[in-house]
Amino acid sequence: MNLRALQDIVAIRDPVERARVISRMLTEQQGLVTELARLRREAIAEAGASGLRQDEIARRLGVSPGRVSQMKSASGKAASETGGGGGDRPAVVVQRALPTEPSVRGSASLFLTEAERQGIRPDRRMLYVGPERAADHVASALRVDPDTEVLARRKLMLADDVPVRIATSYFRLELFGGTAIAAPDFVRPSLQAGIEALGHRFGHAEEHLTARPPTEAEAETLALAPGEWVVQVLRASYSADDTPIHTLETICAASRHIFPIGQVAGADEF
């Protein structure tokens, strides 16, 4: 869409007609975005097949290796089937309890356990494991300087084949680099067990929710429709000696989630 087309839309005097034209344009543009994303995935795959490493592709694109991984994994098929192309939104809603029941958080996968309890068929895909520069909010939670390299483990969660959330675990490299936590696969039997095996004991955690528009990468990976928001849940966990151990950032497609919030037993008031 060029500037002249935007000016023509703004000039439409009937507000309902203006909204109708904008809706049509959003649908058309999203179709173009989906096709461009598919072509980009093919180009990145072709570059990889030619022998270029992911970090080299990232350097030449001017993005992080994690972003390249997201570009490769985002599914144009999912966008067309789940409403990311501007149609009906996905008919799937999953729960994300706050705070999470300890037995669920300590299971092999919080998401798999919660989804199965809700009668939803869950799946998860590892998108990226490796070093990544910490954004300000992650750096603050891990108590490192902004842009410090940290270890990132990024997963895509699906419910009935619909992408519903992106979950990224962040760790301080000086504590977890070179350990089993840095291995490029799911940690068995669970991430919690892997952390405890390294001698860390849980002390306390803080969780913060933020509703906001998605980034380009988030919208693409979650196959979001134009105008759809996400809910960011940031959980910072500290050891018994107050060392920042694990920061979990979960990006949830807002229209595909509800967040049951429980009170501490015996502390409720009307």
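Participant: Help me understand the pairing of strand β7 (residues 244-253), please; the structure alone is not making it clear to me.
Facilitator: One face of the sheet, then the other: side chains in a regular strand alternate in exactly this way. Burial analysis of β7 places ten of its ten residues in the buried class, the great majority of the element. Linking strand β6 (residues 230-239) to β7, which pair antiparallel, is a turn of four residues; within it D242 sits at a positive phi near 70°.

Participant: Whenever I open this one, the pattern of salt bridges confuses me. Can you help?
Facilitator: Pairing is possible between side chains of opposite charge, provided their charged atoms come close. Counted according to the given criterion, the structure contains eleven salt bridges. As a salt-bridge pair, E207 and R235 come within 3.7 Å of each other at their nearest N and O atoms. Of this pair, E207 sits in strand β5 (residues 202-212) while R235 sits in strand β6; the two residues are 28 residues apart in sequence, bridging distant segments of the chain. Judged by its relative accessible area of 24%, E207 falls in the partly exposed class. The class for R235 is buried, based on a relative accessible area of 11%. In the salt-bridge network here, residues are joined through shared partners; they are R40, E216 and E220.

Participant: Can you walk me through helix α7 (residues 110-117) in this structure?
Facilitator: Helical periodicity: at 3.6 residues per turn, an α-helix aligns residues three or four positions apart in one direction. Along α7, the residues classified as buried are L110, F111, T113, E114 and A115. Where α7 ends, the next residue or the one after it, G119, has phi of about 75°, a positive value.

Participant: It is not clear to me how the confidence of the model for the protein should be interpreted in this structure. Could you clarify?
Facilitator: Here the protein shows a mean pLDDT of 82. Residues at 70 or above account for 82%. Across residues 75-90, where pLDDT falls below 50, the model places 31 contacts with residues more than four positions away in sequence or in other chains.

Participant: Teacher, can you tell me more about the pairing of β6 here?
Facilitator: Here β6 lies mainly inside the structure; ten of its ten residues are buried. Side-chain alternation along β6 places V230, Q232, L234, A236 and Y238 on one buried face and V231, V233, R235, S237 and S239 on a second face that is also buried. Relative to β6, β5 is paired through ten bridges, and the arrangement is antiparallel. Bridge pairing links A205 to S237 in β6.

Participant: Looking at this structure, how should I read the packing of aromatic side chains?
Facilitator: Each aromatic ring pair is specified by the distance between its two centres and by the angle formed by the two planes. Under the criterion given, the structure shown has one aromatic pair. Its guanidinium or amino end placed over the ring of F186, R124 lies 3.9 Å from that ring's centre, counting from NZ or CZ.

Participant: What am I meant to see in the environment of V33 here?
Facilitator: With respect to the helices and strands, V33 occurs in helix α2 (residues 15-49). Judged by its relative accessible area of 45%, V33 is partly exposed. Remark: the alpha-carbon pair of V33 and E220, spanning 187 residues in sequence, is separated by 8.9 Å.

The rules behind the values
- Residues numbered from 1 in each chain as written.
- Predicted model: local features only at pLDDT ≥ 70, side-chain atom pairs only at ≥ 80, totals over all residues.
- Heavy atoms only, no water.
- Buried < 20%, exposed > 50% of the residue type's maximum accessible area, 1.4 Å probe, protein only.
- Helix = DSSP H or I, 4+ residues; strand = E, 2+ residues; numbered from the N terminus.
- Pairing = 2+ DSSP bridges.
- Salt bridge = Lys/Arg side-chain N within 4 Å of Asp/Glu carboxyl O.
- pLDDT = per-residue confidence, 0-100.
- Contact = heavy atoms within 4.5 Å.
- Phe/Tyr/Trp six-rings, centres within 6.5 Å; stacked < 30°, edge-to-face > 60°.
- Lys NZ or Arg CZ within 6 Å of the ring centre and 35° of its normal.

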